[in-house]
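Remarks on the overall topology
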Amino acid sequence: MPKLLVGLTSYNDLPYLREILPVLEDIRRNLGAEVVVMDTAWNDEVRDYFKTQYPDFHYLRHEDGNIGFGASYNEILRKFTGFDYFLLVTADVLLNYGAVKKFLNEMEKDKEIAMCAGKLHYWDFEKKIKSEKIDSLGICAAKRHYFYDRGQGEKDIGQYDERLEDFFGLTGAVMLVRIVEHGPFFDSRMWMYKEDIDLSYRMRWLGKKIVMFPEVWGWHARTAGGGSKKAHYVILNSYKNHILMLKNNFSFGFGAVLICKVFAYEFAKAVYMLLLHPSIFFEGMKTLIFTKGQSSRRLVSPKTIMSYFD
């Protein structure tokens, strides 16, 4: 049986944990997985809940407190070694056990698959409804480097099934990854948002096989939602991390036409930020000027990378 590590991050989300943890317990018992949770909020109620209800799960707190989304998963992988696969899942995703088991078997049969996921639908948490509305069928990318979740908000009637493999990367809400790479999994400098795009980009540069299966394997409540304070936080981190992702992965080998498209798009975005969110604009410029990119290892041609863009 393959060795599976399940990584979960928690931030004051006990109501969600009560719903999602029974599935993770099934995965632990039936697939022989180790389940690790990183409590980034140092929430004693969450700690006590794991202690009494799920004592076989590994409960962690980092000494530096909330170290961010990507760094938390890096820390889990650093502490727990010797596994074949890593199932990354956020606390607002309700998994389908049967699909997880099937995907694990598919990765065992096809050793070329480095990352995989299934269809992710919306979870109406308040009404406890697992809907047929699409949350993500993979991340797609326009050549100007605009990234989006395919089909988001649409009812899933199989309209994308024939071209399910035409996508760029996987959403960070939930993914299954073969553990073969050395070094940090995510770029720890990306506190939250766009780290999944950066990871997918790096995998594409390495020529790794990323698969989207047609089964629904989870329902996502998308807790990173409304409120002006939260919205500002989302925009800030998304903007900064997008710039860092470009510094890590963009290639001037893409050609003059595409470079001009990207420059025009980023310039228009910068003007928008300067006019409507000036504080975010200046934080983005700090990232652009002072944060050094960590250039991805590149084993395929820029032309091959462009084949994953619309």
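So, here is what we can say about the structure in this document. These numbers were taken from a predicted model, which means no experiment stands behind them. (Residues numbered from 1 in each chain as written. Predicted model: local features only at pLDDT ≥ 70, side-chain atom pairs only at ≥ 80, totals over all residues. Heavy atoms only, no water.)

**Concerning the overall build of the protein**
Along the protein, the regular secondary structure elements total 9 helices and 11 strands. In summary, the protein has a C-alpha radius of gyration of 19 Å against a globular reference of 19 Å for 310 residues, a match within 12%. For the protein, the spread of C-alpha atoms along the three principal axes comes to 55 × 40 × 40 Å. Sequence separation of 24 or more characterises 76% of the internal contacts of the protein that already satisfy a separation of 6 or more. Here the protein has roughly 14800 Å² of accessible surface; of this, 55% comes from carbon and sulfur atoms. Computed over 42 positive and 39 negative side-chain charges, the inter-centroid distance for the protein is 4 Å. (Helix = DSSP H or I, 4+ residues; strand = E, 2+ residues; numbered from the N terminus. Rg over C-alpha atoms; globule rule 2.2 N^0.38 Å. Contact = heavy atoms within 4.5 Å. Areas by Shrake-Rupley, 256 points an atom, 1.4 Å probe, with all protein chains shown as cover. Lys, Arg positive; Asp, Glu negative; His and termini not counted. Charge placed at Lys NZ, Arg CZ, Asp CG, Glu CD.)

**Considerations on the side chain of threonine 171**
Along the chain, threonine 171 turns up in the loop between β9 (146–149) and β10 (174–178). What makes threonine 171 buried here is its relative accessible area of 12%. Those residues in contact with threonine 171 that sit more than four places away from it in its chain are Leu120, Ser136, Ile139, Asp149 and Asp196. (Buried < 20%, exposed > 50% of the residue type's maximum accessible area, 1.4 Å probe, protein only.)

**Describing empty space enclosed by the protein**
A full pass over the atoms with the stated rule returns 1 cavity of 30 Å³ or more. A volume near 50 Å³ is recorded for the largest cavity. In terms of lining, the largest cavity is formed by Ala117, Gly118, Leu120, Ser136, Gly138, Leu170, Thr171, Val174, Met212 and Trp217. The set of elements that each furnish at least two residues to the lining of the largest cavity consists of β6 (113–124) and β11 (209–220). With 3 residues, the single largest contributor to the lining of the largest cavity is β6. (1 Å grid on protein atoms, 1.4 Å probe; cavity = no way out; pocket = protein on both sides within 12 Å on 5 of 7 lines; lining within 4 Å. Points joined across faces, edges and corners; volume = space filled by probe spheres on them.)

Everything listed here is a matter of coordinates, which is why it stays silent on function.
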